[in-house]
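So the chains spell out like this:
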Amino acid sequence: MYETMLVSRYFEETIETIYLEGKKPVFNMAKGPIPGEMHLSNGQEPCAVGVCAHLTPEDVVTSTHRPHHVAIAKGVNLKKMAAEIFGKKTGLSGGRGGHMHIFDPDVNFSCSGIIAQGMGPAVGAALSRKMQGKEGVAVSYIGEGAANQGAFHEALNLAALWKLPVIFVVEDNAWGISVSKATSTAVPNNAMRAQAYGMPGYLVPGNDPIAIFSAAGEAIARARNGGGPSLIDIETDRLAGHFMGDAEGYRPKGELDTLRARDPIPALARRLESEDGFTDADNAAIVARARSAVDDAIKFARESDYPAPEEALEKVFA
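What comes next is a walk through the structure. For every chain, the first residue of its written sequence is number 1, and the numbers climb from 1 along that sequence. Residues qualify for local features only when their pLDDT is at least 70, as the model is predicted, and side-chain atom pairs are given and counted only at 80 or more; totals for whole chains, interfaces and linings, by contrast, use all residues. The side-chain quantities take in all heavy atoms of the structure and omit both hydrogens and water.

Another aspect to go through is the packing of helix 2 (residues 45–52) against helix 8 (residues 209–224). Orientation is described by lines fitted to C-alpha atoms, with helices fitted over the stretch in contact, and by angles between N-to-C directions that extend from 0 to 180 degrees. Secondary structure elements follow DSSP: runs of H or I of four or more residues count as helices, runs of E of two or more count as strands, with numbering from the N terminus. Across the interface, helix 2 lies against helix 8 with an axial gap of 7 Å and an inter-helix angle of 40°. Relative to helix 8, the element helix 2 is oriented oblique. For the element pair helix 2 and helix 8, the recorded crossing hand is right-handed. Side by side, helix 2 and helix 8 meet where P46, C47, V49, G50 and V51 of the first sit next to P209, I212, F213, A216 and I220 of the second. Note on residue categories: nonpolar means Ala, Val, Leu, Ile, Met, Phe, Trp, Tyr, Cys or Pro, charged means Asp, Glu, Lys or Arg, and polar means any other residue, Gly included. Class assignment of the residues belonging to the contact of helix 2 with helix 8 gives a composition of 9 nonpolar, 1 polar and no charged. We call two directions roughly parallel when the angle between them is under 35 degrees, roughly antiparallel when it is over 145, roughly perpendicular when it lies between 65 and 115, and oblique otherwise. With the far helix as reference, a near helix turned anticlockwise by less than a right angle produces a left-handed crossing, and one turned clockwise produces a right-handed crossing. Residues are treated as being in contact if the distance between any of their heavy atoms lies within 4.5 Å.

Quick look at the structure:
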């Protein structure tokens, strides 16, 4: 899990650097090798690794507009994902989807830019498996703001009614774009809402990957054994803006400094050192592998060709 978190962080930091190419001195979202919006997942890596460590390629995962950490943890092809973000022909969808529409059928991963959009498809995937007698669970990632959407309540109700093998994971970073949870949500945490739909609700504070792993293991085992759905509410931290270019003027003074001081990656490294005899040499080897994986993916993406203009008319419905 530590290595996967490092791959995710290095990937995001590299994408951040490349994203800004050609967008200075005046920020212009349309410029550079990666045009459009970009939502980075720095700080939220524990939410991805703690859950996806229990999953197989046959299990279905739907994610949000901030998807890279979950995609990496689920095993999405890193080179093809990088190429997709660059809009290249070798990308997962031939460059058509970009960073908010990553789709990899080889590992049953998808995401969407629409808030709470992935919840219905996850419930449908779980229903299909139950109807066909097939093994596998579905996991739907959402942000805490999505728990105030109608789709959230519809999905939880049907999942509980039909006792489906689906797990809802709420990544609560306390900010829905620039709106704090305290001013948008009537309950202190969304694990409380699970009880209203007759399913277990787990609240995991502290952005702790080990605690997330424990809660997810219980919920996923329950789903695999026919026990039905669960909801896991994870209190996590967003160490970057909502999107690249976000001035973050809505944050209280000093909040980012506090969040960065409890960055989950060095915190996990310290824990490994104290509890598992993790050495500097061990860490150096893992860091080197993570950086190499990211460097290879970015090199592949940069060197890949863009699709021909006429290919825009392919793979579309009339």
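So, next bit.
Right, let's talk about the environment of R251 for a bit. Topologically, R251 is positioned in the loop between strand 9 (230–235) and helix 9 (255–261). Aside from chain neighbours lying at most four places away, what touches R251 is W175, R238, A240, L256 and L259. We call two N or O atoms a polar contact when they sit within 3.5 Å, provided that within protein one can donate a hydrogen and the other can accept it, with sequence-adjacent residues counted only if both atoms are side-chain atoms. In terms of polar contacts, R251 uses its side chain to reach the backbone carbonyl oxygen of R238, at 2.8 Å. Only 2.6 Å separates the side chain of R251 from the side chain of E248, close enough to count as a polar contact.

Our next topic: a nonpolar patch on the surface. To count toward a patch, a residue needs a relative accessible area above 30% and no salt bridge. Like charges then connect within 9 Å, nonpolar side chains (Val, Leu, Ile, Met, Phe, Trp, Tyr) within 5 Å. For the accessible areas, the method is Shrake-Rupley and the probe is 1.4 Å, while residue cover comes only from the protein chains on display. Just to be clear on terms, a salt bridge is a Lys or Arg side-chain nitrogen sitting within 4 Å of an Asp or Glu carboxyl oxygen. On the surface, a cluster of nonpolar side chains totalling about 210 Å² of accessible area is made up of M1, I210 and F213. Relative to the helices and strands, F213 resides in helix 8. Only protein chains enter the accessibility calculation, which uses a 1.4 Å probe. A residue is then buried if its area is under 20% of the maximum for its type, exposed if over 50%, and partly exposed in between. Owing to a relative accessible area of 34%, F213 belongs among the partly exposed residues under this scheme.

To continue, consider the packing of helix 1 (residues 2–19) against helix 4 (residues 78–85). Close contact between helix 1 and helix 4 brings their axes to 13 Å; oriented N to C, the two are set at 25°. The angle between the axes of helix 1 and helix 4 places the two elements in the roughly parallel class. Crossing of helix 1 against helix 4: the hand is right-handed. Counted together, V7, F11 and I15 of helix 1 and L78, M81, A82 and I85 of helix 4 form the full contact between these two elements. For the contact of helix 1 with helix 4, a count of residues per class yields 7 nonpolar, no polar and no charged.

A word on the layout of surface pockets. Detection works on a 1 Å grid of protein atoms alone, calling trapped sets that fit a 1.4 Å probe cavities and calling open sets with protein on both sides within 12 Å along at least five of seven lines pockets, with lining residues defined by an atom within 4 Å of a point. Grid points are joined across faces, edges and corners, and a volume is the space filled by probe spheres set on the points. Approximately 400 Å³ is the volume found for the largest pocket. Contributions of two or more residues to the lining of the largest pocket are made by strand 4 (138–143) and strand 6 (175–176). The residue makeup of the lining of the largest pocket, split by class, is 9 nonpolar, 14 polar and 5 charged. The calculated volume of the second largest pocket comes to roughly 310 Å³. Listing elements by their share of the lining of the second largest pocket, those giving two or more residues are helix 9 and helix 10 (264–276). The biggest single contributor to the lining of the second largest pocket is helix 10, with 4 residues.

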